[in-house]
Amino acid sequence: YLAWAPGDVDAQKGMIQAFRGAGMADSAKAMESRVGISSAPVAATGAAADYNAAVTAFNDKRYAEAAAAAEKFLASEPYNHEALYVRAFSYYQLKKGPDLVKAARALLDVDPLSESAYQLLGSGYTITKNSDMAVKTRLSLNALPVAVSPVKAEPSGGGVALTATVTGRNTVDAKTMKPVAPAPVTLVYEFLDSKGTVVATQEATVPALKPGEQFALKLEVQGQGVTGWRYHAK
């Protein structure tokens with residue numbers, strides 16, 4: 001997060017706190033000196049604190065706390081993929097069907113070729129005993145032309161560099177139930193600021209992939225203030 005927003009004081013405090021929690025006192029002191037923050041114990045506040053709380057609780061398998069903290073964080077950073085996954089998977093572990101359905105749909109809005117997001121959505125419908133939607137979700141998963149995972153975005157110069165692995169699938173048409181031959185797919189990526197405004201857009205063409213065959217997708221765009229991204233098939 002500091003790579004995205006190096007001047008965020010709350011994030012700086014959170015990083016110092018993380019260093020101390022990991023027993024890295026020298027690193028904590030060095031950062032305190034660099035950013036001019038007192039060596040007294042510090043605690044992250046605002047969105048940084050909510051994110052830290054969500055991830056810590058999730059790693060500790062305290063899923064109710066993780067979901068609550070993720071919900072709070074996503075109110076200000078709605079396109080953060082890590083938080084979206086933490087929230088959805090936490091509701092899955094808690095077996096909270098309606099909340100899981102809502103969280104998985106939000107995840108699919110930004111990551112529509114994610115197999116795990118479809119699986120979480122299907123689990124939500126199963127928990128709520130909505131068999132019709134569970135079947136429909138399974139058919140939609142089977143019809144995905146490719147699977148995109150994992151996706152990683154990092155600051156690069158004056159913009160963002162994004163990488164992902166695209167994998168070919170045994171695609172089946174949702175209506176005819178017949179196999180679909182591999183074909184090229186064009187993905188349109190939108191890079192967003194914290195308010196959801198599109199900062200930059202770029203297309204990526206994925207070649208026809210046989211089941212299990214992989215393609216390394218790489219994008220780089222220019223634009224300030226990018227905090228999230230989403231994509232869709234053209």
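To keep things clear, this report deals only with the structure shown in the data block. What you see is a predicted model; the values in this text were computed from it and never measured. Here, residues in each chain are numbered from 1, in the same order as that chain's written sequence. Only residues with pLDDT of 70 or above have their local features reported here, since the model is predicted, and side-chain atom pairs are shown and tallied only from 80 upward, although totals for entire chains, interfaces and linings are computed over all residues. Computation of side-chain values covers all heavy atoms of the structure but excludes hydrogens and water.

1. A closer look at the overall build of the protein chain
Segments assigned H or I by DSSP are reported as helices when at least four residues long, segments assigned E as strands when at least two residues long, and all are numbered from the N terminus. Secondary structure assignment for the protein chain yields eight helices and six strands. The secondary structure elements of the protein chain, listed N-terminal to C-terminal, are α-α-α-α-α-α-α-α-β-β-β-β-β-β. Think of it in three bands: residues with accessible area under 20% of the maximum for their type are buried, residues over 50% are exposed, and the middle band is partly exposed, with areas taken using a 1.4 Å probe on protein chains only. Counting over 234 residues, the protein chain shows a buried share of 38%. Any two residues having at least one pair of non-hydrogen atoms within 4.5 Å are treated as being in contact. For the protein chain, restricting intrachain contacts to residue pairs at least 6 apart in sequence, the fraction spanning at least 24 positions comes to 55%.

2. Comments concerning the sheet that holds strand β1 (residues 146-156)
Paired strands, in this sense, are two strands between which DSSP finds at least two bridges. The sheet built from three strands is open, its strands ordered β1-β2-β5 with antiparallel pairing. Because the sheet does not close on itself, it has two edges, and the strands there are β1 and β5 (214-222). This sheet shows a mean twist of 15° between the axes of neighbouring strands, independent of strand direction. Here an angle of 0 to 180 degrees is reported between the N-to-C directions of two axes, which are lines fitted to C-alpha atoms, with helices fitted over the stretch in contact.

3. Focus on the sheet that holds strand β6 (residues 228-233)
Taking strand neighbours across the sheet as the criterion, the three strands line up as β4-β3-β6 in an open arrangement whose pairing is antiparallel. In this open sheet, the two edge strands, each paired with only one partner strand, are β4 (198-206) and β6. Taking each pair of neighbouring strands and ignoring which way they run, the sheet shows an average axis angle of 20°. The pairing of strand β3 (residues 185-192) with β4 spans eight bridges and is antiparallel. Looking at the pairing, Leu 187 lines up with Ala 204 of β4.

4. Re helix α5 (residues 81-94)
In a regular helix each residue adds 1.5 Å, so 14 residues correspond to 20 Å; α5 covers 20 Å between its end C-alpha atoms and thus fits that length. Taken residue by residue, α5 has His 81, Ala 83, Leu 84, Val 86, Arg 87, Ala 88, Ser 90 and Tyr 91 as its buried positions. In this fold, the buried residues of α5 make contact with α3 (46-59), α4 (63-74), α6 (97-110), α7 (115-127) and β6. Counted as a polar contact is a pair of N or O atoms within 3.5 Å, where, for protein atoms, one must be capable of donating a hydrogen and the other of accepting one, and residues adjacent in sequence contribute only when both atoms are in side chains. The backbone nitrogen of Glu 82 has a side-chain oxygen 3.2 Å away, supplied by the residue at the start of α5, namely Asn 80. Lys 95 occupies a position one or two residues after α5 and carries a positive phi of about 60°. To estimate the expected span of a helix, subtract one from its residue number and multiply by 1.5 Å.

5. A look at the side chain of His 81
Positionally, His 81 belongs in helix α5. Overall, His 81 belongs to the buried group, its relative accessible area being 9%. Sequence-distant contacts of His 81, defined by excluding residues within four places in its chain, comprise Val 110, Asp 111 and Trp 229.

6. Some remarks on the packing of α6 against α7
Two elements in contact, α6 and α7, have axes separated by 8 Å at closest approach and are oriented at 155°. The pairing of α6 with α7 is recorded here as roughly antiparallel in orientation. Between α6 and α7 lies a crossing whose hand is left-handed. Of the residues in α7, those in contact with Gly 97, Leu 100, Val 101, Ala 104, Arg 105, Leu 107 and Leu 108 of α6 are Ala 117, Tyr 118, Leu 120, Leu 121, Ser 123, Gly 124, Tyr 125 and Ile 127. Per-class residue counts for the contact of α6 with α7 are 11 nonpolar, three polar and one charged. Should an angle fall under 35 degrees it is called roughly parallel, over 145 degrees roughly antiparallel, and 65 to 115 degrees roughly perpendicular, with every other angle called oblique. A clockwise turn of the near helix away from the far one marks a right-handed crossing, whereas an anticlockwise turn of less than a right angle marks a left-handed crossing. Ten residue types, Ala, Val, Leu, Ile, Met, Phe, Trp, Tyr, Cys and Pro, are classed as nonpolar, four, Asp, Glu, Lys and Arg, as charged, and the remainder, Gly among them, as polar.

7. Some words on the pattern of salt bridges
For side chains bearing opposite charge, pairing can occur when the charged atoms are close. A carboxyl oxygen of Asp or Glu within 4 Å of a side-chain nitrogen of Lys or Arg is what we treat as a salt bridge. A complete count under the given rule lists eight salt bridges for this structure. Taken together, the shared-partner salt bridges in this structure form one network comprising Asp 60, Arg 62 and Glu 65.

8. Describing the nonpolar core
Residues Val 148, Leu 187, Tyr 189, Phe 191 and Leu 217 are the most contacted members of the largest nonpolar core, which totals 43 residues. In contact with Leu 187, other than residues within four places in its own chain, are Leu 113, Val 148, Gln 202, Glu 203, Ala 204, Val 206, Leu 217, His 232 and Ala 233. Working definition of a nonpolar core: buried Ala, Val, Leu, Ile, Met, Phe, Trp, Tyr and Cys residues. They are joined through side-chain atoms within 4.5 Å. Core analysis: the next-biggest nonpolar cluster, separate from the first, contains six residues, Ala 54, Ala 57, Ala 70 and Val 86 among them.

9. Quick word on unusual backbone geometry
Positioned with a positive phi, Lys 61 is a non-glycine residue whose angle comes to about 65°. By secondary structure assignment, the location of Lys 61 is in the loop between α3 and α4. Located in the positive-phi region is Met 177, a residue other than glycine, with phi close to 65°.

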